[in-house]
Structures are given as structure tokens and as C-alpha cells.
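In case you want the letters, here they are:
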Amino acid sequence: MRENLDKQFSFTSLKWFNFFLYGTVVLFTSFFPLYLQEVGMNKLEIGSLMSVGALVSIIANPFWGIWTDRYQNIRRIVLLMLTGTLVLSQVVFQANTYEMIYASILFFYFFQGPLFAESNTMILSYIDGTKHRFSSFRLWGSLGWAFTAILAGPVIEWAGVSVLSYLFAALLCAAMISLIVLPRLDHSIGIAPLPFKGFRQIFYNAFFLSFIFFGILVSIPNTMNNTFVSLYITELGGSKTMIGLAVFLSSILEVAVLVLCDRYLKRSIPVLLGWLALVSALFVLRWLLMADATTPLQVAFIQILHCVTFGGFFYVGTRLTMLLVPKPYRSSGQALYTLTWSGISGIMGGVLGGWLYQYLGAQSMYQSGVFLSLIGTLGFGAMWLLVSRGGYHPQDGHPEEEWNEIELNR
């Protein structure tokens, strides 16, 4: 009886940990650009600074993954990463020169960037062998993201953007407390987030590389929007509260979309490619609406499409990676897919979006997103036609029934 109570307490603490972790990240991604603008940075400088995280993650992810595998105490590794994030975040907020901000943000992202990957592995390790599903813990993360954003908006509006450092520290401390009370794990599942084995074989897979290329084109505008939507709302006359509402609407239905996809979407290459083309077309619509928006409330409600576009694209893309890459190299395929989505697209989206916004304006930035997403949509549509007409088969020749049985840890 006592053991069951302890386990239930551990799972509850894990849910709160995810809630607070996602809450800290949304504070940084949604409101930090406002802080940078207040200290005098222009759009290009902000975009370049925010894209640094994607660059650092290329090194940071395998570094922390390797140490997790060697040390076999992932809870302590995550706690170390949270501590580093807390200390360096305060250094960033206290920096009084651009040089200090750039230098401290590099080390900040080294600790903060891989937190999602490491925390997901930690949660999967804790629930391994139990009846609990990862989706229930992911739901708490989405709730933390949504409700932190909508509650933080009025607070920042009232107290000023400088209060961001205190809110960030408070949520990080809450996440650390939720982690400290967890029992020590005797094992961890998973491998380093960026395994290199198999990369050479993957680069001979032209069909998969085409999928990656069109995915980059679709994801670049998404990075632009994530970086600059708060500045866009402010430029249109919106308040910090409106920014919080926009973020809330963009994430509150995300888990519902993932659950529906997981339950009803058939795991076959033609079906998933067709859905990917459809989701990419919705990205085109989304950026068209954003380019034509004239009020902050319009921008806020357009963000509802994020639940379908981002949730659908990332889910379908992850599934397709499992189907397009031969079994021995799937971990490398997933690493490459994640690297291109959050790494390459993050760098290009931040710098390109910052340049467009600074010199041509927000409308031109979103219009370029329409163009890039349209090319990606047409590319995925062409791939769907090729597969539907029998012009492509998985490289290792597994029958369709076996491919359909593949399940991801969610």
C-alpha cells in the first residue's frame, strides 16, 4: 500500500514538473523578444540572438545525451541542467551590454536547449513498465505552456517586462522542487539524442532527403512566427495580455490534435504523405491570414491554427521518418529530422525572419512564409503522387502490414 502511494506521488510530481518546465520555456520564447526590444535591439539582432539556441543545440544535445548514458542518473542530470538554466538566465537578464547578452545566452542555451529531450527520456524511464502513457504527462506540459502564457501576460503588463526574470526563476525553482522529491531511478531508457551511426546510409536515401528538404521549407516560416509574433502583436497595438492570449490559443488544443492523430490516422506512407501535404497547405493559409491581419485580436485567433499545423506536421513527420528509414538507422533518421526542424530551420528562420522584418516589415516576412510553405506543399504533393502510383517502396522491403504496426513511444 505504501509503495503504491509513493509511486502515485512520483507520477503526480512528474506531471507538475512538466507543467512548470513548459511554463518556463513559454516565458522565454514568447516574452523574451519583448525584453530584447526594450533594451534596444532591432529585429535582425533579436532574430540572430534567438537563433543561437538552435545552433548550440547541435552540440548540446549529444553532449548531455552521452553523459546521461554514462552516468545512469538522468534525474540528477536534468537537475544539473535546470540549475545551469536558472543561474545563466539571471546572468542574461542582468547583462548590460550586447556582448554580455550574446556570451551568456550561448551558455544558457547549452543547458536549456536539450531540456525537453532529456526530460522526455526521464519521464519515459519513470513510466517504463507501468500502465501510464506518455501523452498524459505531455498534456500537463501543454497546460503549463498555455496557462503560464495567459497568466503571465497581465502580470508583465502591470509590472513591466523586467519582471520576466523573477517569473522565470520562480517557475524553474518549482520545477526543480518537483524533481528533487522524485525517487532515484535505477535505469534510464533511450539513447543519446543525436546518434551519428547510420547518417551515411541515410544520405543515400533520396526520397527521405527530399522529405527533409521540403520539411525545412515549411518549418522556416514557423520559426519566424514563433520568434516575432509577440513583436507583431505589439506593433499592431496589442498588449502583453493579448500576447498571452495568442500563445494560449496556439497551444491549448495541441494535445487533442496529437491524440486524434494517434488514434485515427492510418500508419501508411501514402496516407501520411497526403496528410503532410494537407497540413503544409494549412500553413500556407495561416501565413496568408497573418500577412493580412490588421488587429492584434485577429493575430491571436489565427494562432489557433498552430494546434493543427505544428501538432499535425510534427506528428506526421515523426511517423514518416519511422517508415522511410530502414530499421537499423531509424534513430539516426529521427535525429536528422529533429535537427532540421529545430536546428537548421531555427537558425535560418531567426536570421532570415529578422532581416525581412527589420528591412521589409512583418507583412513581407509572412508573405515569404507563404512562398516557402507553398513550395513545401507542392513538394509533398508530388511525393504523395509518386508513392500512390507505386513509384516508391521502403528501402528494406518490409511489407506494408509490418510498417503499419510501428508505434512510437508517446
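So, here is what we can say about the structure in this document. On a predicted model such as this, the values are computed, not experimentally measured, just so you know.

## Observations regarding the overall build of the chain
Next, step 1: Helices and strands together make up the secondary structure of the chain, namely 17 helices and zero strands.
Next, step 2: Evaluated residue by residue, the chain yields a buried proportion of 56% over its 410 residues.
Next, step 3: Sequence-distant contacts in the chain: of pairs separated by 6 or more residues, those separated by 24 or more amount to 86%.
Next, step 4: In the form shown here, the chain has an accessible surface area of approximately 17800 Å², with 66% of it arising from carbon and sulfur atoms.

## Let's talk about the packing of helix α9 (residues 206-235) against helix α14 (residues 305-324)
Next, step 1: In contact at an axis separation of 12 Å, α9 and α14 are set at 160° when each is read in the N-to-C sense. Taken together, the axis directions place α9 and α14 in an arrangement best described as roughly antiparallel. For the crossing formed where α9 meets α14, the hand is left-handed. Residue-level contacts link F207, F208, F211, G215, V218, N222 and N226 of α9 to H306, F310, F313, G317, L320, T321 and L324 of α14.
Next, step 2: Tallied by class, the residues present in the contact of α9 with α14 amount to eight nonpolar, six polar and no charged.

## Side note on α14
Next, step 1: Helix length check: α14 (20 residues) gives 27 Å between terminal C-alpha atoms against 28 Å at 1.5 Å per residue, within 8%.
Next, step 2: Most of α14 is tucked away: 17 of the 20 residues are buried.

## Some points on the nonpolar core
Next, step 1: Ranked by internal contacts, the top residues of the largest apolar core, which has 121 residues, are F32, F211 and F380.
Next, step 2: Here this core gets 15 residues from one element, more than from any other, and that element is α9.
Next, step 3: Residue contributions to this core reach at least three from each of two domains, namely domain 1 (10-186) and domain 2 (195-392).
Next, step 4: F32 has contacts with L27, L49, M50, V92, F93, I105 and L164, leaving out every residue within four places of it along the chain.

## What to know about the packing of aromatic side chains
Next, step 1: One pass over the structure, following the stated rule, counts 33 aromatic pairs.
Next, step 2: Taken together, the ring pairs in this structure connect F208, F211, F213, F214, Y232, F283, W287, F313, Y366 and F380 into an aromatic cluster.
Next, step 3: Seen from the ring of F137, K15 lies directly overhead, with NZ or CZ sitting 5.7 Å from the centre.
Next, step 4: Here K43 stacks its cationic end above the ring of Y357, 5.0 Å away from the centre of that ring.

## So, the side chain of T377
Next, step 1: As for its position among the elements, T377 is in helix α16 (residues 362-388).
Next, step 2: Overall, the relative accessible area of 12% leaves T377 in the buried class.
Next, step 3: Contacts of T377, omitting those with residues within four sequence positions, involve A277, S280, A281 and V284.

## So, the side chain of T24
Next, step 1: With respect to the element layout, T24 can be found in helix α1 (residues 2-38).
Next, step 2: For T24, a relative accessible area of 2% gives the class buried.
Next, step 3: Those residues in contact with T24 that lie beyond four places of it in its chain are F168, L171 and L172.

## Section: the environment of A117
Next, step 1: Among the structural elements, A117 can be located in helix α5 (residues 115-127).
Next, step 2: Among the residues examined, A117 registers a relative accessible area of 28% and is labelled partly exposed.

## As for the packing of helix α3 (residues 74-94) against helix α4 (residues 98-112)
Next, step 1: Following both chains from N to C, one finds α3 and α4 inclined at 160°, their axes separated by 8 Å at the closest point. When the axis of α3 is compared with that of α4, the two are roughly antiparallel. Handedness of the α3/α4 crossing: left-handed. Contacts between α3 and α4 involve L80, M81, G84, T85, L88, S89, V91 and V92 from the first element and I101, S104, I105, F107, F108, F111 and Q112 from the second.

## Here's the deal with a nonpolar patch on the surface
Next, step 1: Together, F147, L151, I252, L253, L297, F301 and I304 give the surface a local cluster of nonpolar side chains, amounting to about 610 Å² of exposed area.
Next, step 2: Elements supplying a minimum of two residues to the nonpolar patch: α6 (134-159) and α13 (296-302).
Next, step 3: If you trace the backbone, I304 turns up in the loop between α13 and α14.

Thresholds, definitions, all that
- Residues numbered from 1 in each chain as written.
- Predicted model: local features only at pLDDT ≥ 70, side-chain atom pairs only at ≥ 80, totals over all residues.
- Heavy atoms only, no water.
- Helix = DSSP H or I, 4+ residues; strand = E, 2+ residues; numbered from the N terminus.
- Buried < 20%, exposed > 50% of the residue type's maximum accessible area, 1.4 Å probe, protein only.
- Contact = heavy atoms within 4.5 Å.
- Areas by Shrake-Rupley, 256 points an atom, 1.4 Å probe, with all protein chains shown as cover.
- Axes fitted to C-alpha atoms, helices over the stretch in contact; angles between N-to-C directions.
- Parallel < 35°, antiparallel > 145°, perpendicular 65-115°, else oblique.
- Left-handed = near helix turned anticlockwise from the far one by under 90°.
- Nonpolar A, V, L, I, M, F, W, Y, C, P; charged D, E, K, R; others polar.
- Expected span 1.5 Å × (residues − 1).
- Core = buried A, V, L, I, M, F, W, Y, C linked by side-chain atoms within 4.5 Å.
- Domains from an automatic or database assignment.
- Phe/Tyr/Trp six-rings, centres within 6.5 Å; stacked < 30°, edge-to-face > 60°.
- Lys NZ or Arg CZ within 6 Å of the ring centre and 35° of its normal.
- Patch = residues over 30% accessible without salt bridge, like charges linked within 9 Å, V, L, I, M, F, W, Y side chains within 5 Å.
- Salt bridge = Lys/Arg side-chain N within 4 Å of Asp/Glu carboxyl O.

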